[in-house]
Each structure stands twice: as structure tokens, then as C-alpha cells.
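# Breakdown of the fold
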Amino acid sequence: MNGTQRLYLDAYESTAGRQPAWLDALRSDAVERFRKAGFPTLRDEDWKYTNTSPIEKAGFAPAGAPGAGVRSRDLDEQAFRGLDALRATLVDGFFVSELAALDELPEGVRVCSLATALVEHAELLRAHLGPLPEGSHGYRALNAAFASDGVFVQVDDGVQLERPLHLMIAASGPGSGQTHQPRNLVLLGAGARATLIEHFVSLADEAYLLNLHTDVHMAEGSRLEHYRLQQHNLKAFHIDGLDVRLAADAVYTGHAVDLGGRLVRHELKASLDAPGAEAHLNGLYLTSGRQHVDHFTHVDHNAPGAVSREFYKGILDGRSRAVFHGRIVVHPDAQKTDSAQENKNLLLSRDAEVDTKPQLEIYADDVKCSHGATVGQIDMDSLFYLRSRGIDEKMARDLLTWAFANDVLARIGLRPIRDALERILGAALLHGHASTEVEPGQ
Amino acid sequence: MLSIKNLHATVDGKTILRGIDLEVGAGEVHAIMGPNGSGKSTLANVLAGRPGYEVTEGSVRYQGEDLLVLAPEERARKGIFLAFQYPVEIPGVSNIYLLKAALNAARVARGESELDAMDFLALVKQRLALVEMKEEFLYRAVNEGFSGGEKKRNELLQMAIIEPTLAIMDETDSGLDIDALKVVANGVNGLRDPKRSFVMVTHYQRLLDYIVPDHVHVLVAGRIAKSGDKSLALELEKEGYGRITEAANG
Ligand SMILES: Nc1ncnc2c1ncn2[C@@H]1O[C@H](COP(=O)(O)OP(=O)(O)OP(=O)(O)O)[C@@H](O)[C@H]1O
Ligand SMILES: [Mg+2]
């Protein structure tokens, strides 16, 4: 056992016994799991390309309370121009009511802190915060052991949440400990609809670890549009697990955009549990310097006639590294599965590196499954074509890089988010040329 | 305008051009014909400055200047335009953006001001009509999903907007239906000007019925094996390349 593991275990002792008995039992199982599993290493098949030892070395103490002094104003700067959204905010992993704007919640929608929900909706939470899955890794166990707060979202049967919910997940800076471990729970009733924008931001230039877990339960025919915009500072560590369970005809659409972070690991598990369920997973990662972004996706086709799409693109510069692991399991009775996976990477520098690995396990015979992965440089023919039209080489390269990313942005339905991303990517990739001039199909 | 002397060039270490001599005067239209693989596109690419096409001997002067030291974009800004035999698809970049960037690069190089959005759109619409293309093509990504003929028209549209001084057209007529062929011919004829020259690579005499060339050259195995006036094209149409190829190899 190393010092960091001890640090967490000691911190755990001081928080044990504060929750309802059922939850404390889960937490103590989780801490046992953590004690046994420790932190993942490169020897673990699923962590082969992502070395988390810098996190261990940093030895971030768990935060016990949200950092003080975060004002609404600080967060307004992060808002999306032209987006009329509800707001909930986690600071250092804790829900801060003063930083929420939830007064106009429609009938049939509840958004509150997980801590509040544990009191007010104890039975519901007990039903949804189950035990750790078999074989959970140390970070997941740690989250389950510590999580006492986060955000709880519930949309009742047939209710549409018209305004998107902008969930800020902010790190305040030094002072309150540096491991933030929120747990979020999203429950959509039959036919319910919602748009959730998860937005990871750093309010200071300090290192920290966000170790997050989110469960999304989608009942029959529900729809969730889920944006995850990661804009941590370049010192931050991010590890998160997202489990989405879909009932019949439920449609989940996710857009994960990574712009910041030093070391980022996203684990996404989509369980398509009934016919007609659809998971559309889109991703874009932009890395440079020594950034490392890892997408570990796992789509479980548990029932016949479900659809899954994965479309992840990355642009890597400097000595950065990206990992894409796309596991798709088609279980024996999941006939008529329709699944496609694509991962494309553009390397802007010789020292950037990508490991991309599709992993298809197909146990049914009447299925349509495709996958493809590419890692390449700027296309020389396209570059020459643009230059032959009088566009200088630098600009032509920027333009082609932008065009590569634009493909993912084109899938983003929520205009203010897309506009914001166009501005950000335009600044990062076009070096001053307005992106609105570039985008096709205005 | 363009003076090519004893031009030798290699592609990936393989010698393709073996001593080309060609003089193109202002206002002239030259047709280049020749069998598949004889080096026509290689010549066009060398003139446009494609990386990887290495000139090992000879010279190319354009408007009195050494062309070969210039980057592709510099050549473009000096008025050289290559209509590609196989235009590339560029997903994510809109046609209208490319047109605007290309036109403004050319205008700035000519000492003119950039066009504002209104004037630009007016010009583009007028040129669209000239090449008989629908406006929707402006907002699609460059050549993405275009049919073969649409790609060729799009090359022509770019040319009509940029108004180059020397247009090199590499088989712009291939794969076009008869109506489209007339569109290409009208486009070129509409741009003919005492100060503007054309080098047209083609396999078909048919195009030359509509665009009457001043000179016709036959490229064989990296050399110009024969030159003549428009009657040479008619001759080739009847007799094929057989005799010229034999003479060139013999
Ligand atoms: N990258 C390359 N490596 C090796 N050989 C090449 C390369 N590119 C072109 N060539 C060869 O150079 C020769 C001339 O090609 P080019 O495209 O110039 O012919 P062309 O006259 O335009 O033919 P076509 O009428 O079919 O268009 C061909 O034999 C071709 O295979
Ligand atoms: Mg050719």
C-alpha cells in the first residue's frame, strides 16, 4: 500500500458513519474494494495506455467542502452566449445552492443536490445507487466510497424539460483539498426529454483530481441530449465513469469535447437493454503539449434491434497522446443489432501518438457491425489543392485541421454550444481566421 | 508568357518528363494531346508546383520570371491556375469559403482590394450562371459528393471567378456530357482575352471544335513529339497516335 492509498483510507475513516445505513454499507464495501484493488497500473489490460501514476504521486487530499469565495459572476463568464439554460453548480464536487439557477423548474422535474436527494428521495436513491459492479477499478471504488454529494436530476414520465440544464463542475483552487469526487444521478421517466450540458471548468490554475461517476437511467422512449465540455486547466486530472442504461426506444445522444486537462480518462458504458434503444456517441479531443486523453467506451447490446453509433475524432499536437478503446458486445439474443464505430485521428506533430483499439465481441449472427480507425497527417493532395488556389501553406493546414474537427461540430444540434465551440476551435485551430467564413451549409 | 525549355522532371525518383520545349504567347490557346501515361498531368503539376515533382533539368519562365523557385500559392497569385484532372474532395471546407479565399488572394496579389460580401456574392452568382451551376453548390463542402461532371464544372467556376492569366486545364472535358462540354467551351471562350492564355490537356478533338486552339502538341513519353495547328488534332482523331509514337520511339 502506498502513501496516497493510505491518505484516502485515513480520510475515509473520518467520514464513515455519517450517511444512512444502507449507503454506509455500500461505501464501506467500496472502500474495501479500493483497499484491495489499489490504483490501476499499466499491467491492467484496460489501462495499458494510460498511466495514472502522476495522480498517485500528486497525493491530492479529498475535498471536505466546497471552496469558498466562488461567485456567480465567475461562472457567468463560462456561460454560453445565447443559451437560455437552467444552472446547477458543483464546486470541488459539492452542490452549491447559491450558484444554482433552478427557480423555474417545470412541474415534474427535480434538480437538487445528491445530498438533498438522499434525504428527500431516499428510497429512489437506494434503488439506483446500487453496489459497485464486479471488477470495478480503484478510482471507481474511491468515488463510491467518498461520494456524498453531486447533482440529482429527475424528469417524470412524459415531461419535457425544454430549457437545457447547464451543470457546471468547477474546481475552485487550493484550500479545500484537491480530490473532488461527485456522484451524479439522472433519471428520465418514460417519454421524458432533457438536455444536459456538463461543463468542466477550473477557476484557478491549480492541479487537482476530479474523480466523477454518473449514472443515467432512461426509461422507455425517453431522450437525452448530453453535452460534456471539458475545459479543465492543463494541470488537472480527470477520471470519470458514465453509465447509461436505456430501455426500449430510449435515445441517448452524447457529445464529449475535450479541450483541457493534463490526464483525462473517460469511461462510458451504454447498456442497450431493450429493442429500439439508440446510443449516439460523438467525441472530439484536441490535445497538445503533454496532454493525455483516453476514451474507454463500452457498448452492450443486450437486446435485439438496438442501434449504436460511435464517432470520435481527435487532433493531436505536441507530444500529446490519445487513446480510444471501443468495446462493443453483442449478446446472443441481440439479433438485428445495428452498430457502427469510427475513430479518426489527425496528427499535427511527429511526437504525438494515438492508440486506437476496436474490440468487437459478437455472439449473435444476424447483425450489422462496422468499425474503422485511422491515424494520419494532413492530406497532401488537399493541401496542394488549396495552395494551388493561392491559399498559403500555413493557412491551408489550419483550414484542413479545422475542417477535420468541423465534422464533429456539425452533429451538435444545440446552436449556442456549437457557436461557442466554433469560436474556441476557431481560435485554437484557425489562428485568427473567422470560423463562420469556413463552415459549410450556413 | 510561358517559356519551357528542355524540361526534365521526376516523380518519386521516376523520370517522366524528358526534355519538353514549349512557348505559349499571351492570348494563345494551346492544346496538349497524347497517349495515357505520356506525362501530360505531370507537366501540368510541375507548372503548378506540386510537391514531390522534381525538376532535374531545364527551365520554366513565366512572364519573364523563373517559375520553378516559387511556391504553389505564389504561382497561383501570379495568375497560374490548374484545373485538376481529379479534383480533390475537402470535407468540412465550404465551396464558397474556398472561392472567397482564392479570389481575395488573387486580388490582393494584383494590387486590388478584397471584395466585400455583397460584391463577392454578386460576382459568384453571375459566374454560377455562366457555368450553369446551382447556388446550393456554394454551400456544400468542396467537391464532396459531387459527380464527376460537377467536379469539373466546379473547377471551371473557380477559374471563372479567379480570372487567371494562365489557365492549365487538365482534361476538364473528360467525363462531361455534350451539354456540359458546351458549357466548358462557353466558359473558356468567354474568358479568352489577348492577355490570357490557355493550356488545355485533352483526349478529344470534340472540345477543339468549340474552343479553337492556336497550337496543338502531342506529348509522347515525356517529350513533345509533334506540334501543329488545329488540323493536327483532326489528323490524330483519324489515325491515332501510332505513327507519332513509332517515330518518337524509333
Ligand atoms: N507518384 C508516381 N510514382 C511513379 N510513377 C508515377 C507517379 N505519378 C505518375 N507516375 C507515372 O508517370 C507517368 C505519367 O503520368 P501522367 O499522369 O502525367 O500521364 P497523363 O499523360 O496525364 O495520362 P492520362 O492521359 O492517363 O491522364 C505514368 O506512367 C504514371 O504512372
Ligand atoms: Mg493526366
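Residues numbered from 1 in each chain as written. Chains lettered and ligands numbered in written order. Predicted model: local features only at pLDDT ≥ 70, side-chain atom pairs only at ≥ 80, totals over all residues. Heavy atoms only, no water.

Counting its regular elements, chain A contains 10 helices and 20 strands. In terms of overall dimensions, chain A is globule-like: its C-alpha atoms have a radius of gyration of 21 Å, near the 22 Å expected for 442 residues. Counting only C-alpha atoms, chain A reaches 70 × 50 × 50 Å along its principal axes. Taken across its 442 residues, chain A has 58% of its residues classed as buried. Of the charged side chains in chain A, 45 are positive and 61 negative; the average position of the first set lies 5 Å away from that of the second. (Helix = DSSP H or I, 4+ residues; strand = E, 2+ residues; numbered from the N terminus. Rg over C-alpha atoms; globule rule 2.2 N^0.38 Å. Buried < 20%, exposed > 50% of the residue type's maximum accessible area, 1.4 Å probe, protein only. Lys, Arg positive; Asp, Glu negative; His and termini not counted. Charge placed at Lys NZ, Arg CZ, Asp CG, Glu CD.)

With that settled, consider the packing of aromatic side chains. Here the structure, examined in full by the defined rule, presents 12 aromatic pairs over all chains. Ring geometry for Phe384 of chain A and Phe84 of chain B: centres 5.7 Å apart, planes at 70 degrees, overall edge-to-face. Here Phe384 of chain A is found in helix α8 (residues 380-387), whereas its partner Phe84 of chain B is found in the loop between β6 (80-83) and β7 (90-94) on a different chain. Comparing Phe384 of chain A with Phe84 of chain B, the two get one shared label, buried. Three or more aromatic residues joined by ring pairs form one cluster here, namely Tyr8, Tyr12, Phe34, Phe39, Trp47, Tyr139 and Phe146 of chain A. One cation-aromatic arrangement involves Arg389 of chain A over Tyr385 of chain A; the distance from NZ or CZ to the ring centre is 4.8 Å. (Phe/Tyr/Trp six-rings, centres within 6.5 Å; stacked < 30°, edge-to-face > 60°. Lys NZ or Arg CZ within 6 Å of the ring centre and 35° of its normal.)

Below, the discussion takes up the confidence of the model for chain B. For chain B, mean pLDDT is 93; residues scoring 70 or higher make up 100% of the total. Under the prediction, the complex receives an ipTM of 0.97, its pTM being 0.87. (pLDDT = per-residue confidence, 0-100.)

Coordination of the magnesium ion (ligand 2) by the protein is provided by Ser41 of chain B (OG) and Gln85 of chain B (OE1), with metal-donor distances spanning 2.0 to 2.1 Å. Of this pair, Ser41 of chain B sits in helix α1 (residues 40-48) while Gln85 of chain B sits in the loop between β6 and β7, and the two are 44 residues apart along the sequence. (Donors = N, O, S within 2.8 Å, 3.2 Å for Na, K, Ca; no water.)

With that out of the way, let us pick up the site of ligand 1. Residues and elements named next belong to chain B. The environment of ligand 1 is formed by 15 residues, the closest being Gly37, Lys40, Ser41, Thr42 and His203. The separation between an oxygen atom of ligand 1 and a polar side-chain atom of Asn36 is 3.0 Å. Separating an oxygen atom of ligand 1 from a side-chain N or O atom of Glu171 is a distance of 3.3 Å. Surface burial for ligand 1 is 68%, taken as the share of its 640 Å² of free accessible area covered by protein chains. (Near = heavy atom within 4 Å. Polar contact = N/O pair within 3.5 Å; in protein donor to acceptor, adjacent residues only side chain to side chain. Areas by Shrake-Rupley, 256 points an atom, 1.4 Å probe, with all protein chains shown as cover.)

Our next topic: the interface of chain B and chain A. How large an interface is tends to be reported as the accessible area lost when its parts come together. Counting from both sides, the interface comprises 36 residues of chain B and, opposite them, 23 residues of chain A. Between chain B and chain A, roughly 2,300 Å² of surface is buried when both sides are summed, and carbon and sulfur atoms account for 64% of that area. Summed over the shared surface of chain B and chain A, the number is 3 salt bridges. One salt bridge connects Arg389 of chain A with Glu155 of chain B, and the closest N-O pair in it is separated by 2.7 Å. Listing elements by their share of the side of chain B that touches chain A, those giving two or more residues are α1, α2 (72-77), β6, β7, α3 (95-109), β8 (141-142) and α6 (148-162) of chain B. For the side of chain B that touches chain A, the residue count by class is 24 nonpolar, 6 polar and 6 charged. (Contact = heavy atoms within 4.5 Å. Buried area = accessible area lost by both parts, 1.4 Å probe. Salt bridge = Lys/Arg side-chain N within 4 Å of Asp/Glu carboxyl O. Nonpolar A, V, L, I, M, F, W, Y, C, P; charged D, E, K, R; others polar.)

This paragraph deals with the environment of Gly326 of chain A. Residues and elements named next belong to chain A. Along the polypeptide, Gly326 turns up in strand β17 (residues 321-330). Sequence-wise, Gly326 and Leu259 are 67 residues apart; in three dimensions their C-alpha atoms are separated by 21 Å. Among residues more than four places away in sequence, those in contact with Gly326 are Thr297, Gln341, Lys357, Pro358 and Gln359.

Right, let's talk about the domain arrangement of chain A for a bit. Residue and element names in this part refer to chain A. When its domains are assigned, chain A resolves into domain 1 (3-274) and domain 2 (378-442). Centre-to-centre, using C-alpha coordinates, domain 1 lies 33 Å away from domain 2. Each side of the interface is counted separately: domain 1 has 14 residues, and domain 2 has 11 residues. Between domain 1 and domain 2, roughly 990 Å² of surface is buried when both sides are summed, and carbon and sulfur atoms account for 78% of that area. Connecting domain 1 to domain 2 are 2 residue pairs in polar contact (both at pLDDT 80 or more). Listing elements by their share of the side of domain 1 that touches domain 2, those giving two or more residues are β8 (193-202), β10 (223-231) and β12 (251-258). Here the side of domain 1 that touches domain 2 takes 4 residues from β10, the largest share from any one element. (Domains from an automatic or database assignment.)

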